[in-house]
Amino acid sequence: MKSKSLLPALGASLLALIGVLATAVPAQAQPVVVVPPPVVVARPVYVAPRVVVARPVYVAPAGVVYVRPTYAIPGPGYVWHYHVHYGWGWYHPHYGWHRGWR
């Protein structure tokens with residue numbers, strides 16, 4: 001029977017101890033930090049691809065049969081071109097005909 005009367009007294013003393021601890025620690029004001037919102041860059045979800053039309057660099061004149069190149073392009077800037085006297089060959093606007101055509 002003694003234990004029954006001890007429980008309320010223990011509970012009351014525990015509540016008193018919690019109250020003392022709660023009031024013993026002074027609450028300090030926390031600093032308020034204000035930051036600007038982050039910068040968000042919005043990009044479109046879908047970007048339509050650009051249409052690139054590949055046109056031939058040189059078109060054969062009327063009545064001339066196209067002959068494909070027999071060897072690789074000799075360097076940058078050369079185009080497969082038709083010459084009235086010599087026929088088809090690689091031509092560069094600055095260096096002229098490849099393999100000596102003049």
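Every chain begins its residue count from 1, and numbering advances along the sequence as written. In view of the model being predicted, local features appear only for residues whose pLDDT reaches at least 70, and side-chain atom pairs are presented and counted only at 80 or more, with totals across whole chains, interfaces and linings using the full set of residues. Only hydrogens and water are set aside; all other atoms, that is, all heavy atoms of the structure, feed into the side-chain values.

K.L.:
Even after reading the chapter, I still don't get the sheet that holds strand E3 (residues 96–97), so can you show me in this structure?
P.N.:
Through backbone hydrogen bonds, the strands of a sheet pair up, either in parallel or in antiparallel fashion. In spatial order, the strands read E1-E2-E3; together these 3 strands make up an open sheet with antiparallel pairing. The sheet is open, and its two borders are formed by strand E1 (79–83) and E3, each paired with just one other strand. Pairing between strands is defined by DSSP: at least two bridges between them are needed. Comment: elements are numbered from the N terminus, with helices defined as DSSP H or I runs of at least four residues and strands as E runs of at least two. Where strand E2 (residues 87–92) lies against E3, 2 bridges are found, and the strand directions are antiparallel. Bridging from a neighbouring strand, His92 pairs with Gly96 of E3.

K.L.:
Just checking my understanding: could you explain the packing of aromatic side chains for this structure?
P.N.:
Between two aromatic rings, the relevant description is the distance of the centres plus the angle of the planes. Note on ring pairs: Phe, Tyr and Trp rings are taken, using the six-membered ring of Trp, and paired if centres are within 6.5 Å. Classes follow the plane angle, with under 30 degrees stacked, over 60 edge-to-face and the rest tilted. Using the criterion set out here, one finds 5 aromatic pairs in the structure. Where Tyr66 meets Trp88, the ring centres are 5.2 Å apart and the plane angle is 75 degrees; that geometry is what we call edge-to-face. Residue Tyr66 is located in the loop between helix H1 (2–24) and E1, and its partner Trp88 is located in strand E2; the two are separated by 22 residues in the primary sequence. An aromatic cluster is defined as three or more aromatic residues linked by ring pairs; in this entry it consists of Tyr66, Trp80, Tyr82, Trp88 and Trp90.

K.L.:
What should I look at first to understand the environment of Pro69 in this one?
P.N.:
Relative to the elements of secondary structure, Pro69 occurs in the loop between H1 and E1. Assessed through its relative accessible area of 29%, Pro69 is described here as partly exposed. Residues Pro69 and Gly89 lie 20 residues apart in sequence; the distance between their C-alpha atoms is 7.4 Å. Two residues form a contact once any of their heavy atoms are found within 4.5 Å. Filtering out sequence-adjacent residues up to four positions away, Pro69 remains in contact with Trp80 and Trp90. Residue burial is assigned from relative accessible area. The probe radius is 1.4 Å, only protein chains are included, and a residue is buried under 20% of its type maximum, exposed over 50%, and partly exposed in between.

K.L.:
Got a minute to help me understand the confidence of the model for the protein in this structure?
P.N.:
Any residue range with low pLDDT should be treated as having predicted coordinates unsuitable for detailed reading. pLDDT is a residue-level measure of predictor confidence that goes from 0 to 100. Here the protein shows a mean pLDDT of 75. Residues at 70 or above account for 64%. Mean pLDDT values for the elements of the protein range from 62 in H1 up to 89 in E2.

K.L.:
Help me out: how do you make sense of the pairing of E2 in this one?
P.N.:
Side-chain direction in a regular strand flips from residue to residue, so the side chains alternate between the two faces of the sheet. The buried count for E2 comes to 5 of 6 residues, which makes it a mostly enclosed element. Inspection of the sheet shows E1 paired to E2 by 5 bridges, in the antiparallel sense. Residue pairing in the sheet places Val79 in a bridge with Tyr91 of E2. What sits between the antiparallel neighbours E1 and E2 is a turn of 3 residues. In this structure, the hairpin formed by E2 and E3 is closed by a connection of 3 residues.

K.L.:
What exactly am I supposed to notice about the side chain of His83 here?
P.N.:
In this fold, His83 is placed in strand E1. Residue His83 is classed as buried on the basis of its relative accessible area of 18%. From its side chain, His83 meets the backbone nitrogen of Tyr86 in a polar contact 3.1 Å long. The definition of a polar contact used here is a pair of N or O atoms within 3.5 Å, where within protein one atom must be able to donate a hydrogen and the other to accept one, and adjacent residues in sequence count solely through side-chain atom pairs.

K.L.:
Would you mind showing me how to read the environment of Arg99 here?
P.N.:
Position of Arg99 among the secondary structure elements: in the segment after E3. We classify Arg99 as exposed; its relative accessible area is 62%. Linking Arg99 and Pro74, residues 25 residues apart in sequence, is a C-alpha distance of 9.7 Å.

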